[in-house]
Amino acid sequence: MRGSLWMSVLVLLDASGAHAATDQFVPLDDTVVVERLRERPLDQTDLAFRAARARLRTAPTLLPLAEEVAQRSIALARRDGDPRHIGVAYAALTPWLSLADPPVTVRLLRATLLQSVHQFEPALGELEEVLRRQPRNAQAWLIRATILQVLGRYAEAQASCERLPPLGASFYAQACLAELSSLTGHASEGHAQLAALQANPRVGTDVRWLSLVMAEMEERMGDFGAAVR
């Protein structure tokens, strides 16, 4: 649950790494380097993604498979900072995006994609519909909180964070509220809250996303050495 939920809270990282291109680029001559190909070998994540895309090409209207490809694409866009993965996710969901009433799972994915390309108000609209149908959808509340945070609507963001504990996501609620504290004049308190959460032995081994949020806090506080560490 942590991985799937907290991928939503990194909207600030998406803002710097997943922009959608608006103009076609045409090289002026053959000496222009358009792209440098990857040097590292494919890992298991890449191989699983390619296998899922291959299966989807043979069954493009199989919704669970399309959702898997979209989710993997979003994760790769965040990992690599490559906006082309966002396009792959949109393409996977194409058969359902034009529907007047797409499935809730598609709406949630579309909200995540809209968030990634800074279409915040449309993303909020999708989330409103998701939460109207599934008011206990913790991931939708968390995405909503992070978008409202980016928009500076802190009171609304806090209200969304506070909806998480009854849904079994108190861990994310604490991180969400700590981040809000750091943005609303209580940087030291927010940093201490997040540091305590990071040190909690029940957190588990994968706390990289907590470190990213901590680094952003420390940068805002002017503690650049700590942010680099």
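Note that the coordinates shown come from a computational prediction; the quantities given were computed from them, not determined experimentally.

Procedures and definitions
- Residues numbered from 1 in each chain as written.
- Predicted model: local features only at pLDDT ≥ 70, side-chain atom pairs only at ≥ 80, totals over all residues.
- Heavy atoms only, no water.
- Salt bridge = Lys/Arg side-chain N within 4 Å of Asp/Glu carboxyl O.
- Helix = DSSP H or I, 4+ residues; strand = E, 2+ residues; numbered from the N terminus.
- Buried < 20%, exposed > 50% of the residue type's maximum accessible area, 1.4 Å probe, protein only.
- Phe/Tyr/Trp six-rings, centres within 6.5 Å; stacked < 30°, edge-to-face > 60°.
- Core = buried A, V, L, I, M, F, W, Y, C linked by side-chain atoms within 4.5 Å.
- Contact = heavy atoms within 4.5 Å.
- Axes fitted to C-alpha atoms, helices over the stretch in contact; angles between N-to-C directions.
- Parallel < 35°, antiparallel > 145°, perpendicular 65-115°, else oblique.
- Left-handed = near helix turned anticlockwise from the far one by under 90°.
- Nonpolar A, V, L, I, M, F, W, Y, C, P; charged D, E, K, R; others polar.
- Disulfide = S-S within 2.5 Å.
- Expected span 1.5 Å × (residues − 1).
- pLDDT = per-residue confidence, 0-100.

**Comments concerning the pattern of salt bridges**
Phase 1 of the analysis: Summed over all chains, the structure comprises 16 salt bridges.
Phase 2 of the analysis: A salt bridge links Arg79 to Asp80, with the shortest nitrogen-to-oxygen separation between them at 2.7 Å.
Phase 3 of the analysis: Arg133 is the salt-bridge partner of Asp101, the closest N and O atoms lying 2.1 Å from each other. On the criterion of sequence distance, the pair formed by Asp101 in the loop between α6 (94-97) and α7 (104-116) and Arg133 in helix α8 (residues 120-133) is long-range, its members being 32 residues apart.
Phase 4 of the analysis: On the accessibility criterion, Arg133 (32% relative accessible area) is partly exposed.
Phase 5 of the analysis: Beyond isolated ion pairs, a larger network of salt bridges with shared partners links Asp101, Arg107, Arg110, Glu126, Glu129, Arg132 and Arg133.

**Regarding the packing of aromatic side chains**
Phase 1 of the analysis: Inspection of the entire model under this criterion finds three aromatic pairs.
Phase 2 of the analysis: Taking the centre distance of 5.9 Å and the plane angle of 20° together, the rings of Tyr172 and Trp209 count as stacked. One end of the pair, Tyr172, is in helix α11 (residues 170-183); the other, Trp209, is in helix α13 (residues 208-220), with 37 residues separating them in the sequence.
Phase 3 of the analysis: Residue Tyr172 is classed as buried on the basis of its relative accessible area, which comes to 2%.
Phase 4 of the analysis: An aromatic cluster of at least three residues, connected via ring pairs, comprises Phe171, Tyr172 and Trp209.

**Some words on the nonpolar core**
Phase 1 of the analysis: Judged by nonpolar contacts, the single largest core of 37 residues is most densely connected at Leu127, Ile147, Leu164, Tyr172, Leu194 and Leu210.
Phase 2 of the analysis: Breaking this core down by element, the ones donating at least two residues are α7, α8, α9 (138-150), α10 (154-161), α11, α12 (187-199) and α13.
Phase 3 of the analysis: Among the elements that make up this core, the one with the highest residue count is α9 (eight residues).
Phase 4 of the analysis: With residues near it in sequence (within four places) discarded, Leu127 still touches Leu108, Ala111, Ala140, Ile143, Arg144 and Ile147.

**Section: the packing of α12 against α13**
Phase 1 of the analysis: Where α12 contacts α13, the axes come no closer than 10 Å and their chain directions differ by 160°. By the angle class used here, α12 and α13 are roughly antiparallel. α13 is crossed by α12, and the crossing has left-handed handedness. Between α12 and α13, the residues in contact are Gly190, His191, Leu194, Ala195, Leu197 and Gln198 and Leu210, Ser211, Val213, Met214, Met217 and Glu218, respectively.
Phase 2 of the analysis: The class makeup of the residues in the contact of α12 with α13 is seven nonpolar, four polar and one charged.

**Some points on the state of the cysteines**
Phase 1 of the analysis: With the rule as written, the count across this model stands at one disulfide.
Phase 2 of the analysis: The disulfide bridge from Cys161 ends at Cys176, spanning 1.8 Å between sulfur atoms. Of the two residues, Cys161 sits in helix α10 while Cys176 sits in helix α11, which places them 15 residues apart along the sequence. Pair check on accessibility: Cys161 and Cys176 agree, each one buried.

**Examining the environment of Ala145**
Phase 1 of the analysis: Its place among the elements puts Ala145 in helix α9.
Phase 2 of the analysis: Judged by its relative accessible area of 0%, Ala145 falls in the buried class.
Phase 3 of the analysis: Distance from Ala145 to Gln158, taken between C-alpha atoms, is 6.9 Å for residues 13 residues apart in sequence.

**A short note on α8**
Phase 1 of the analysis: For α8, built from 14 residues, the straight-helix expectation of 20 Å at 1.5 Å per residue is met to within 8% by its first-to-last C-alpha distance of 20 Å.
Phase 2 of the analysis: Residues of α8 that are buried: Phe120, Ala123, Leu124, Glu126, Leu127, Glu129, Val130 and Leu131.

**Some points on unusual backbone geometry**
Phase 1 of the analysis: In this model, His118 sits at a positive phi of 70°, which is unusual for a non-glycine residue.
Phase 2 of the analysis: By the secondary structure assignment, His118 is in the loop between α7 and α8.
Phase 3 of the analysis: With relative accessibility at 29%, the residue His118 sits in the partly exposed group.

**Side note on the confidence of the model for the protein chain**
Phase 1 of the analysis: With 85% of its residues at a pLDDT of 70 or more, the protein chain shows a mean pLDDT of 86.
Phase 2 of the analysis: The weakest mean pLDDT in the protein chain belongs to helix α2 (residues 11-17) at 40; the strongest belongs to α8 at 97.
Phase 3 of the analysis: Counted against residues more than four places away or in other chains, residues 6-21, with its pLDDT under 50, gives 42 contacts.

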